Amino acid sequence: MATAHEPEVLSVEDVVADVDRHHAHDAEGADQTMVLNMGPQHPSTHGVLRLVLEIDGETVISCAPDIGYLHTGIEKTCEAKFYQQVVPLTDRIDYLCPMTNNLAYCLAVEKLIGLEIPERAQYLRVMLNELTRINSHLVWLGTHAMDVGALTVFLYCFREREDILRIFENVSGQRMMTSYFRIGGLALEPPLDFYDQVRNFLKTFPEKIDEYQNLLTGNPIWINRLKNVGHLSAADAIALGVTGPPLRASGVDWDLRRDMPYSGYEKFQFKVPISNDCDVWARYVIRLEEMRESVKIAQQALDGLPTGRITADAPKMILPDREQMKTQMEALIHHFKIVTEGFAVPAGEVYQAVESPRGEMGYYVVSDGTAKPYRVHMRNPSFATLQALETMCKGRLLADVVAVIGSIDIVLGEIDR
Amino acid sequence: MADALLTKEAVMEAHGANAAIAALLTADSSIITNAKFACNELTLTVPREKIVTACEIVKQAGYNFFEDVTAVDWYPSEPRFQLSYHILSMGLKERVRLCVLLDGGDAVVDSITGVWPSANFYEREIFDLFGIRFGGHPNLRRIMMPEDWQGHPLRKDYPVEGYR
């Protein structure tokens, strides 16, 4: 039987040495800086982010993020799964936008195979992706406002988020880890009441955004905490790999949905909000505008939804429907083969990026011609954006760090993977 | 989809006007050792010692945004490691993949943090998970795994379930 670990007890000498060190520190003068540990269990770090801050009084001198607390080796796990089995793993790296991750991964594999996705599936994917974006931005707005001290907004945001989660549950059977996308299309035809549910949500949601703006935009505390805080110039943003709303808030007009369209985004009309303010406030304004644009895109997808199949015509890669499986020998064989041995993907490598709510979400998939991916790498927006944290916080007040972390909207699940 | 072009000659012939290829060849005619165009993606292999130069050249040519770098372990074949740098041009709206091949026994390459500071975390991640070292990196420490971890989990000879 294993014995319990002995708790590590500090000896008297250690304690005395520690006290001496502190005294020596005081004696050398007050101009010294202090190292402050923030996190990993800090309510405003949105997960388990640890920051090692060097502060001089209230001013931040340096800020070093320490990550890896949530590392679960998802990239390694992917190598041991069939291509389709990786989809549920992609949900779990960024739990606030599962559909975006599904889409990026599926697009990457589809590109490798050369699968043609029917228009109906593309439209549904776009619609669900925009709902995911709204969902993610609502969580961001609620928690960001809570960090800065406006507790009420959180409840308002989660009220609407609940509506979206109900839509997700209806369409996929799951509220958060939807895994609804398949390589080659979608898992199931959406239920009939799904369209009404989405239509009702899209009709009422713009008023709700007005409501959030009424609560926050004119509020002097909110303005003072956000304006001119966390400055990030356009050049710095590009050099540090920042993407998504923080990049657009720094005045760089770049959105993958418009500039390098995927999954049929070129058929939709929408604006890309830009701001030259480069601060936390600009990121707030841009995300609110993005929610309005997302409503427009989802509405266009709903109105223009074509009829047809929701999966590509590739019986050796896509599970047959129940009816076919029970009546056709071929379909039964395909079903058995796909479930037991997956499907081979031609050798090669692809990089597919999509615009996630946080920025550029890229999947690099390498195939060696077998049924399991040889290598899957995720380029996560939060991982890169976190590098810009020091630039945004340096020389500013300690309290601003909380506002800045909120404004870059990080999800530790995708940073650590 | 365009057919895959798998040899250097075929890519040079079909995509010789590509901004990255043109700029690289103008600066150094021997810098591209291999090239591939598949799935509408351009891959250029450059020698290990010239990766920083190659990055500077493509940056000058308009590929302004560094997206990603990661490694692939081709164990047990040699050269064992493949580093894939994905670089985006916001102006041209296209990306290029630069590849570097490294031998397993000598997995060292120059850091490109001088060209794009954003490579910092990515190179640390590769160092942590693959054990490839980056010369001139400002802070080459483990990033995901604990500091005292033994081994590099994303190498193919590291078991999926870990050592127990």
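Details of the overall build of chain A
The number of helices and strands found in chain A is 18 helices and eight strands. Here the C-alpha atoms of chain A give a radius of gyration of 24 Å, agreeing with the 22 Å that 2.2 N^0.38 yields for 417 residues. In terms of overall dimensions, chain A has a C-alpha envelope of 85 × 60 × 40 Å along the principal axes. Put simply, chain A has 417 residues, and 47% of those count as buried. Long-range pairs, those at least 24 residues apart, make up 71% of the contacts in chain A between residues at least 6 apart in sequence.

Regarding the sheet that holds strand 3 (residues 59-66) of chain A
Residues and elements named next belong to chain A. Strand order in the open sheet formed by three strands is 1-2-3, with antiparallel pairing between adjacent strands. Where the open sheet ends on each side, the last strands, each with one partner, are strand 1 (34-38) and strand 3. Averaged over all pairs of adjacent strands, the angle between their axes in this sheet comes to 20°, without regard to strand direction. Note that strand 2 (residues 50-56) and strand 3 share seven bridges and pair antiparallel. Counted as the bridge partner of Ile-55 is Val-60 from strand 3.

Describing helix 4 (residues 119-130) of chain B
With twelve residues, helix 4 of chain B ought to run about 16 Å at 1.5 Å a step, and its terminal C-alpha atoms sit 16 Å apart, in line with that. Within helix 4 of chain B, twelve of the twelve residues are buried, which leaves the element mostly enclosed by the surrounding structure. Every buried residue of helix 4 of chain B is listed here: Ala-119, Asn-120, Phe-121, Tyr-122, Glu-123, Arg-124, Glu-125, Ile-126, Phe-127, Asp-128, Leu-129 and Phe-130 of chain B. On the buried face of helix 4 of chain B, the contacting elements are helix 15 (381-385) of chain A together with strand 3 (65-73), strand 4 (81-89) and strand 7 (133-135) of chain B. Positive backbone phi, approximately 75°, marks Gly-131 of chain B, located one or two places after helix 4 of chain B.

As for the nonpolar core
Val-109 and Val-404 of chain A together with Val-58 of chain B are the most contacted members of the largest nonpolar core, which has 160 residues in total. At 14 residues, the largest contribution of residues to this core is made by helix 5 (residues 119-148) of chain A.

A look at the packing of helix 4 (residues 98-113) of chain A against helix 5 of chain A
Residue and element names in this part refer to chain A. Relative orientation of the contacting elements helix 4 and helix 5 amounts to 140°, with a least axis distance of 8 Å. With respect to their mutual orientation, helix 4 and helix 5 come out oblique. On helix 5, the residues touching Met-99, Thr-100 and Leu-103 of helix 4 are Arg-125, Leu-128, Asn-129 and Thr-132. Considering only residue class, the contact of helix 4 with helix 5 consists of three nonpolar, three polar and one charged.

Quick notes on the interface of chain A and chain B
Between chain A and chain B, the contact holds 32 residues from the first and 27 residues from the second. At the level of secondary structure, the elements contributing two or more residues to the side of chain A that touches chain B comprise helix 2 (74-78), helix 4, helix 9 (234-239), strand 6 (348-356), strand 7 (359-367), strand 8 (375-379) and helix 15 of chain A. Per-element tally for the side of chain A that touches chain B: the top contributor is strand 7 of chain A, with four residues. For the side of chain A that touches chain B, the per-class residue count stands at 14 nonpolar, ten polar and eight charged.

Some thoughts on unusual backbone geometry
Residues and elements named next belong to chain B. The peptide bond linking Tyr-75 to Pro-76 adopts the cis configuration, its omega dihedral lying at 5°. Inspection of the secondary structure assignment puts Pro-76 in the loop between strand 3 and strand 4. Residue Pro-79 follows Glu-78 across a cis peptide bond; omega there is -5°. Looking at where Pro-79 falls in the secondary structure, it is placed in the loop between strand 3 and strand 4.

Some points on the environment of Trp-254 of chain A
With respect to the helices and strands, the residue Trp-254 of chain A is situated in the loop between helix 10 (245-249) and helix 11 (256-259). For the pair Trp-254 of chain A and Cys-106 of chain A, spaced 148 residues apart in sequence, the C-alpha to C-alpha distance is 23 Å. Discounting residues that sit within four places of it in the chain, Trp-254 of chain A has contacts with Leu-247 and Asp-259 of chain A together with Met-90 of chain B.

Some details on the pairing of strand 1 (residues 34-38) of chain B
Residues and elements named next belong to chain B. Within strand 1, four of the five residues are buried, leaving the element largely enclosed by the surrounding structure. Where strand 1 and strand 2 (residues 41-45) come together, five bridges link them in antiparallel fashion. Residue Asn-34 lies in a different strand from strand 2, and its bridge partner there is Thr-45. With antiparallel pairing between neighbouring strands as the criterion, strand 1 and strand 2 make up a hairpin whose turn holds two residues, including Cys-39 at a positive phi of roughly 55°.

So, the environment of Ser-111 of chain B
Residues and elements named next belong to chain B. Tracing the chain through its elements places Ser-111 in the loop between strand 6 (108-110) and helix 4. Taking the C-alpha atoms as reference points, Ser-111 and Leu-44, separated by 67 residues in sequence, lie 18 Å from one another. Each residue touching Ser-111, except ones within four places of it in the same chain, is listed here: Ala-119, Glu-123, Phe-134, Gly-135, Gly-136 and His-137.

Considering the environment of Glu-355 of chain A
All names here are of chain A. With respect to the element layout, Glu-355 can be found in strand 6. Exposure remark for Glu-355: the 27 C-beta atoms within 10 Å place this residue in the buried category. Separated by 37 residues in the primary sequence, Glu-355 and Ile-318 place their C-alpha atoms 26 Å from one another.

As for the sheet that holds strand 4 of chain B
Residues and elements named next belong to chain B. Strand order in the open sheet formed by five strands is 1-2-5-4-3, and the pairing between neighbours is mixed. On the outer flanks of this sheet lie strand 1 and strand 3, each paired with one strand and no other. Taken over all neighbouring pairs, the strand axes of this sheet differ in orientation by 20° on average, direction set aside. Where strand 3 and strand 4 come together, eight bridges link them in antiparallel fashion. Bridge pairing links Val-69 to Tyr-85 in strand 4. Taken strand by strand, helix 4 contacts strand 3 and strand 4, and its axis lies near 5° from that of strand 3.

Basis of the calculations
Residues numbered from 1 in each chain as written. Chains lettered and ligands numbered in written order. Predicted model: local features only at pLDDT ≥ 70, side-chain atom pairs only at ≥ 80, totals over all residues. Helix = DSSP H or I, 4+ residues; strand = E, 2+ residues; numbered from the N terminus. Rg over C-alpha atoms; globule rule 2.2 N^0.38 Å. Buried ≥ 20, exposed ≤ 12 C-beta atoms within 10 Å, placed from the backbone. Contact = placed C-beta atoms within 7 Å. Pairing = 2+ DSSP bridges. Axes fitted to C-alpha atoms, helices over the stretch in contact; angles between N-to-C directions. Expected span 1.5 Å × (residues − 1). Core = buried A, V, L, I, M, F, W, Y, C linked by C-beta atoms within 7 Å. Parallel < 35°, antiparallel > 145°, perpendicular 65-115°, else oblique. Nonpolar A, V, L, I, M, F, W, Y, C, P; charged D, E, K, R; others polar.

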